[in-house]
Structures are given as structure tokens and as C-alpha cells.
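Survey of secondary and tertiary structure
What follows is the residue order along each chain.
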Amino acid sequence: MEDSESQLLSDEYQPPETLLGSLDIFVFSLIAGLLIYWFFFRKKTEPVLDLKTFPAVPPPIRQTSFIEKMKKTNRNVVVFYGSQTGTAEEFANRLAKDAHRYGMKGMATDPEEYDMSELSRLKEIPNSMAVFCMATYGEGDPTDNAQEFYDWMQGTDDDLEGVNFAVFGLGNKTYEHFNATGNYTDKRLAELGGKRVFDLGLGDDDSNLEEDFISWKEQFWPAVCEFFGVEATGEESSIRQFELVVHNDINMNQVYTGEMGRLKSFQTQKPPFDSKNLFLAPVTVNRKLNKGGNRHLMHIELDIMDSKIRYDAGDHVAVYPTNDAAVVNRIGERLGVDLDTVISLKNLDEESNKKHPFPCPSTYRTALTHYLDINNTPRKNVLYELSQYTSDPQEQENMRKMASASPEGKALYQSWVLDSERNILAILEDLPSLNPPVDHLCELLPRLQARYYSIASSNKVHPTSIHICAVVIEYTTKTGRFYKGVATNWLKNKEVTENGHKHTVPMYVRRSQFRLPFKPSNPVIMIGPGTGIAPFVGFIQERAWQKEQGKDVGETILYFGCRHKNEDFLYQQELEEFERAGVLTQLNVAFSRDQEHKIYVQHLLKKNKEQLWKLIHSNNAHIYVCGDARNMARDVHTAFYEIAEEVGGLTHTQAVDYFKKLMTKGRYSQDVWS
């Protein structure tokens, strides 16, 4: 660029020889030379000044070949993970660590970071194997980080003959498309000629995902030994993945304080905002929605005015909560550590792309507050690793028993950990001889995950704010401890202003397929009891806006359910106003506990079966369901099957097939959770 610009300058000041003499040419040449010198001098001095303040760090060269990395580091097992909440990544790390016990060397890998078309080259490495821990997200979708790999599988015709593989899927049976991604990965790799080393494993998060994984893993490794002709080494010792580095003399401007990606990103906010670069959205409204009862349901509004964030009705807002400071302090006191010590956990595998388990350097306090999940029950592998730090033989035996796959161990883990809802603090308090080093505890605990909420507003009506509707989770556990949901209690305490200070929420928007019909004239049937009403508030706002624009808006029907009309009829005033204005064609509300027999939304659907069947079968209506997947969504499914049978004259098999086709066409959409 500089060469071309200087050439333009010299051309601009080069006079035609026919008009000027040699002296003139000399003078003009001198002027041109001075201009060029000034131009280059200015260009060179600017970056020098910048570098004094902001040292330039060359971007790391991205190694896109996992095959070359495996060859370089002498690995023969690669474990890919498709992970949305961190569980599949955790399982992949456990499998990679297990490999050494069988004379193999493994690495856990994010498929998003590599060129997956190189999978066919895996056979270049002797006795090699690819394992896939694949979670299913939403309605049968791959996770964000596995989307490119999924697309590659769909479009490729590569020959995978000679490539050994195995798949463990993570799913939830309450969802319609149970383990769709794991099933597809296993099926597709075999179709392309890959050799299945062991049968597909299917984990069910509605039951006990970890038990499913352990049961599969305990059969998987013997099958691997037989396949490759290797023997287990018998080593069961704990293997540290990270080493502790204590920073005694460090500039605190170099220490992370809760940021997910770029250091100081909370001090200097720069779009675009995503999962690694969060926007700190000020809280402008925080009000209680319910008028009575012992629960706290809340409506929160986040200001996104200066963020350039855009969203559509039906999208999700991801918020990153922080753990309760009192719990963090109690962990520090129990382990006798200075929580303000600045540390890094550095990967012992220098070739690993994952240098740290969380942003480092950081203090223990920041790690336990912002980065680590200290509130949920620990997994079995955490108990096993921690058991080495118990001085009481009985406590150690019980911890190792709970980490085993024996029937007695499963029962003990179920009752003492899961049913009693013991988090890591409760385990430390109830096992007095357990004294792990805090750095190993930080290595073992999973990452604190974002919480996703259906956005309760329309960007057409509220372009500069995002609304959240949520219920605060709090109750007493079997051990007498008071359990508080991390995110909802943190949000509850986000007052609009406190001593003139605006509270903020680290967030970004995650796109969803939960969308209003392209044609406003299509009727919509929305079913959302409790906080499942959230996206429908946005939908109704948008339908009102479409009406104001003079568009032909079809019937807009809502089925909402709550316990008592006088306690938790969420957004009652707004909904009734929409009904009076004719935006909401029908407002059907089931108050489950206002009469002797409980009435739910599915009962109201059956009551209006003729009208609903006509809208669905003849008028191209779109159906939307939001809320609890385990019971409500299933019961709504059943109600629609019965309507199709009773009014449409279909058999049960035909009814199931009918609604499956509606889902495929995007006319039956769900935004559900378990």
C-alpha cells in the first residue's frame, strides 16, 4: 500500500519535460522527495508509538491437521466432542486420559478447530482410533462446535475404509429426537466405510447420563483391547492434567476477573458480542410477576442500546451467572486457602490447544466465582480423584465405592450424592478428613455454564432491550441445606440501581429456529404454561406490530397454564389488553389448582378439538410448545394425537406420523427443557 501511494505522489508532482527546465525539474524532484520522506516517516512512527502501549502479539498459527498433530505427539487415539454444556467435552477428556491404561496415547479434541475432512487419513497412524462423544442439542441438532463436522458428514463421499471409530451419544429421552446426533454420526461413519470398534453408546440425561457413560466405557475398553490386541497396564493412579503456577509478582492488569475470552473485555466493550466476548447489559427493569404464593417469578429487562446486538422473537439470551460469594468463601475457609492468590493452571501437555481449564492467570476466588461449577453435584470421576486426599480409611472406601460401577456403589452415589443434592461444599463439610489441594479441585470441577432463557420480547417493539421471564429456584434439600439456583438467585438480586450503580448481566444472543410463520396470515397456536409463556409474549408483541403495519394477521391463539388465577397468572394485564385489542384471538388459561380437579393446558386443547383440527388440517396453522419437556410437552403431544384420531379419523399410528411430518415442515416447533 505504501509503495503504491508513494508512486501516486511522485506521479502527481512529475511535471511534463516539455514545459519545465532542468532547474524546475530539480526543485520539483526535491519537493517530491521531501513529501515521500515525510510520508514514510509518518507511517513508520505511528506503529512505534502504538507498540509502546500495546505490544503486538503475532496471532498463533492454527494447526488444522489433527493427523499431523497426532503424528508429532505420538498419539493413536483422538476423541472428538460435540459439546454444548461441557459434559461431552468432560467425557472426551476422561476417555483420552483412560487410553494410557491400555498402552495407548489419546487426546481430546474440538472438531471445530480442525479440518475434519482429514478423517480418512487416520489409517496412516498404526493401531489408531477416533472416538466421538456427541451431544444432541435442541430438536435433534448438533451442538454449535460440531455443526461443521455434521455438515461435512452430510456432504462428503470420502472413503473411510481402514478408519476405526466408536461413538457415545449424549441425549435426553424427554425430547422427540433422542440422541439424533450420536445416532447419525455412528450410522454415517459406517456408511462411509469406517470400522466400528464397539457398539454405539446412548446416554440419557433424563435418567443418569454418567451411569450410562460409565457402563458403556467399562465395556468399551475391553473391546478396544481385543480389537487391537493390547492389554490393560493396571495403572489406576490419578493423573494430573494441569500443573499449578503461583504468580507472586504479577501486574493485576494481566489477571482475568471473570472475562470469558479477551482480557479486560469487561472494561473495554467491543462488538461483535458472542460466547467469548460478552456484553455487559445494564438491568433496567426487575419486577416480580406473581401476586402471591411462595415462589418468586420475575420479569427482567436488559438494555442492549450500545451493543449492536440484534435478535428475533423466539431467540435465546445466554447469561453468564456468578456463584454465591458466601459459598465461595466457605470453600476457601474449609480448605484453608487464601482465595486472592493469583494462579495459573498450565496444561502439562504442551501440544494441547487447551492451555488452561479456565482463563488464566486468575485468583482462586475468581475461578470459584466465575468459572467453576460449585453448586451442582460432582460426577463420579471427581469423587474418585479426590478420594486420595482422605485420611480416614472408611471415608476413602466410601468415596471410591461411589465412583465404581458396582450395584452397591451406584446405590450409595444415588442416595448420598444425587438424592441428597450434595454439592462440593457439602461433600467437604460432611467428609472431615477430605483435604484436597484447592488447585486440584479447580482442575476437576466442570466449567460454570451459561444459562439460556427464551427471550420474552419482540425486537420490532423493543429493539434496544431484551426481556427475561424466569422463576427463582430455591428449596431445602434432604440434608437440611438451603439450595439456591445459581442463575435465578443471581438475577433476582440484580436491582436496577444500587447506590447509583447500575447492575449488569454478561450476555449474548443465541439464534433459535423457534420462529413465527413467514406469512403473518398463517394462524398460530401457542402452548406455554408457567414461564413457558416467555417466547409467546414476544410473538404476540410482534403480531400486534404486524397488525399496526397493516398486514393481514391470522388467528393468534394462546394456551397458558398456572396454579392460581390470583397468584401466578403471568403477564395477565398485558395478555388481556392484547385480547381486547383483537391481537390475541383467544386467551385460554388453565388454573390447575383453583378447583378440586386439576386442569392443565392439554385439557383445554381437547375441549377445543374441532376448532384446533380445522386450523391445523385446513388452515395451515403453526403450533408452538414451550416449557417442561418431561411432562407437559408429552401430554400436549398426546392431546394432539387424540384430536387427530377423534376429529380427523386417523389411527394412532397415522396421527403420530401426521405430527412428525408437521415437525419436519416446521409447523410444529418446540422450545422445551427438562
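Preceding this paragraph is the structure being described.
Criteria and cut-off values
- Residues numbered from 1 in each chain as written.
- Predicted model: local features only at pLDDT ≥ 70, side-chain atom pairs only at ≥ 80, totals over all residues.
- Heavy atoms only, no water.
- Helix = DSSP H or I, 4+ residues; strand = E, 2+ residues; numbered from the N terminus.
- Buried < 20%, exposed > 50% of the residue type's maximum accessible area, 1.4 Å probe, protein only.
- Contact = heavy atoms within 4.5 Å.
- Areas by Shrake-Rupley, 256 points an atom, 1.4 Å probe, with all protein chains shown as cover.
- Expected span 1.5 Å × (residues − 1).
- 1 Å grid on protein atoms, 1.4 Å probe; cavity = no way out; pocket = protein on both sides within 12 Å on 5 of 7 lines; lining within 4 Å.
- Points joined across faces, edges and corners; volume = space filled by probe spheres on them.
- Nonpolar A, V, L, I, M, F, W, Y, C, P; charged D, E, K, R; others polar.
- Lys, Arg positive; Asp, Glu negative; His and termini not counted.
- Salt bridge = Lys/Arg side-chain N within 4 Å of Asp/Glu carboxyl O.

**Re the overall build of the chain**
Along the backbone of the chain there are 22 helices and 25 strands. For the chain, the residues scored as buried account for 50% of the 674 residues in total. A sequence separation of at least 24 residues applies to 76% of the contacts in the chain between residues at least 6 apart. Total accessible area computed for the chain in this model is approximately 32200 Å², and 50% of it derives from carbon and sulfur atoms.

**Looking at helix α16 (residues 534-548)**
If you check α16, its first and last C-alpha atoms are 22 Å apart, about what 15 residues at 1.5 Å a residue would give, namely 21 Å. Counting buried positions along α16 gives twelve out of 15 residues, so the element sits mostly inside the fold. Among all positions in α16, only Ala534, Pro535, Phe536, Val537, Gly538, Phe539, Ile540, Gln541, Glu542, Arg543, Ala544 and Gln546 are buried. Count one or two residues on from α16 and you reach Gly550, which has phi positive near 85 degrees.

**Quick word on empty space enclosed by the protein**
Rolling a probe over the atoms, with the probe sized like a water molecule, indicates the empty space that remains. Throughout the structure, instances matching the rule amount to one cavity of 30 Å³ or more. A volume near 30 Å³ is recorded for the largest cavity. Lining the largest cavity, in full, are Met260, Tyr320, Pro321, His370 and Leu448. When grouped by side-chain class, the residues that make up the lining of the largest cavity number four nonpolar, one polar and no charged.

**A closer look at the side chain of Arg667**
With respect to the helices and strands, the residue Arg667 is situated in the loop between α22 (652-664) and β25 (668-673). Summary of buried charges: Arg667 has no salt-bridge partner, and the nearest side chain of opposite charge, Glu555, is 12 Å away. Setting aside anything within four residues of it in sequence, one finds Arg667 in contact with Ile616, Asn620, Ala621, His622, Ile623 and Leu662.

**Examining the environment of Ile473**
Looking at the element boundaries, Ile473 is found in the loop between β15 (465-471) and β16 (474-476). Ignoring any residue separated from it by four or fewer positions in sequence, one finds Ile473 in contact with Tyr483, Lys484, Gly485, Thr488 and Asn489.

**Re the pattern of salt bridges**
As enumerated under the stated definition, the model contains 40 salt bridges in all. Ionic pairing is found between Arg188 and Glu191, a salt bridge with its closest N-O pair at 3.1 Å. Taken together, the positions of Arg188 and Glu191, both in helix α6 (residues 180-191) and three residues apart, correspond to about one turn of that helix. Residue Glu211 pairs with Lys380 through a salt bridge whose shortest N-O separation is 2.6 Å. In this pair, Glu211 is assigned in helix α7 (residues 209-228) and Lys380 in helix α10 (residues 380-386), connecting sequence segments 169 residues apart. Exposure class is identical for Glu211 and Lys380. Each is buried. One salt-bridge network, held together by shared partners, links Glu68, Lys71, Glu118, Arg121 and Glu124.

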